[in-house]
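# Close look at the chain arrangement
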Amino acid sequence: AQTVTQSQPEMSVQEAETVTLSCTYDTSENNYYLFWYKQPPSRQMILVIRQEAYKQQNATENRFSVNFQKAAKSFSLKISDSQLGDTAMYFCAFMKQRSGIIQGAQKLVFGQGTRLTINP
Amino acid sequence: DVKVTQSSRYLVKRTGEKVFLECVQDMDHENMFWYRQDPGLGLRLIYFSYDVKMKEKGDIPEGYSVSREKKERFSLILESASTNQTSMYLCASSPGYHTQYFGPGTRLTVL
């Protein structure tokens, strides 16, 4: 079974600073996807960024980027020029890549979450 | 934009009551999911469905059942609510095995 670990329950930084959230995972799979989801205080969970394991290039989305280290099973999220609106719970998640034509959905396995506060 | 809605934001029920949580998505997604979210535990999958009338157990199905009679609607049922089912419940949908889109959540309190 896959597990995802976020070792930082809470983090706090000043606005405009850069912050890195850590995530490690355990799997015997070779093909999979990794995600960072954000849950602001309003509670609607939204996707921040996604990484395919077969891609060596780290995914980026504007101020958000990841450092994907497949051998180390590490998937950290870097937020540059942090803004007050980045204040949220952040969840790292893992999904196996289903091979072949197999009916069914794939499950997300989530970490425990990191509560990030951006201070003015 | 994908829209996933849940029937209630807050719900208070008594022990032993039958509870229905409804989730509707408007993007014709095949897959729908029910999670519960508890502090320090992240999100844990209760049940999911990959087609109408099809369902699979997640990691913590005990005490729950689901129903998917129409593609856009996925219901979570607590047959006899207990206090340990007090939690935040999140519904999600996805078009395939990639990104999941979440609803706003239902905070359920069982007294």
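So, a few notes on the structure that sits alongside this text. (Residues numbered from 1 in each chain as written. Chains lettered and ligands numbered in written order. Predicted model: local features only at pLDDT ≥ 70, side-chain atom pairs only at ≥ 80, totals over all residues. Heavy atoms only, no water.)

Here the focus is the pairing of strand β7 (residues 65–70) of chain B. A regular strand carries its side chains on alternate faces of the sheet. Residue and element names in this part refer to chain B. Where β7 and strand β8 (residues 73–78) come together, four bridges link them in antiparallel fashion. Across the sheet, the residue bridging to S67 is S75, located in β8. Connecting β7 to the next strand, β8, in antiparallel fashion are two residues. (Pairing = 2+ DSSP bridges. Helix = DSSP H or I, 4+ residues; strand = E, 2+ residues; numbered from the N terminus.)

Now for the nonpolar core. All names here are of chain A. Residues Y25, W36, F75, L77 and Y90 are the most contacted members of the largest nonpolar core, which totals 25 residues. Secondary-structure elements contributing two or more residues to this core are β3 (19–21), β5 (32–39), β6 (46–52), β8 (64–69), β9 (74–79), β10 (88–96) and β12 (114–119). Counting residues per element, this core draws most heavily on β10, at four residues. The residues contacting L77, other than those within four sequence positions of it, are V19, T20, L21, W36, V48, I49, F64, S65, V66 and Y90. (Core = buried A, V, L, I, M, F, W, Y, C linked by side-chain atoms within 4.5 Å. Buried < 20%, exposed > 50% of the residue type's maximum accessible area, 1.4 Å probe, protein only. Contact = heavy atoms within 4.5 Å.)

On to the layout of surface pockets, then. Which parts of space are left empty comes out when a probe the size of a water molecule is rolled across the atoms. The volume enclosed by the largest pocket comes to roughly 380 Å³. Taken together, 21 residues line the largest pocket, and the ones lying closest to its centre are R43(A), M89(A), R115(A), Q37(B) and P39(B). When the residues that make up the lining of the largest pocket are grouped by side-chain class, the tally is nine nonpolar, eight polar and four charged. (1 Å grid on protein atoms, 1.4 Å probe; cavity = no way out; pocket = protein on both sides within 12 Å on 5 of 7 lines; lining within 4 Å. Points joined across faces, edges and corners; volume = space filled by probe spheres on them. Nonpolar A, V, L, I, M, F, W, Y, C, P; charged D, E, K, R; others polar.)

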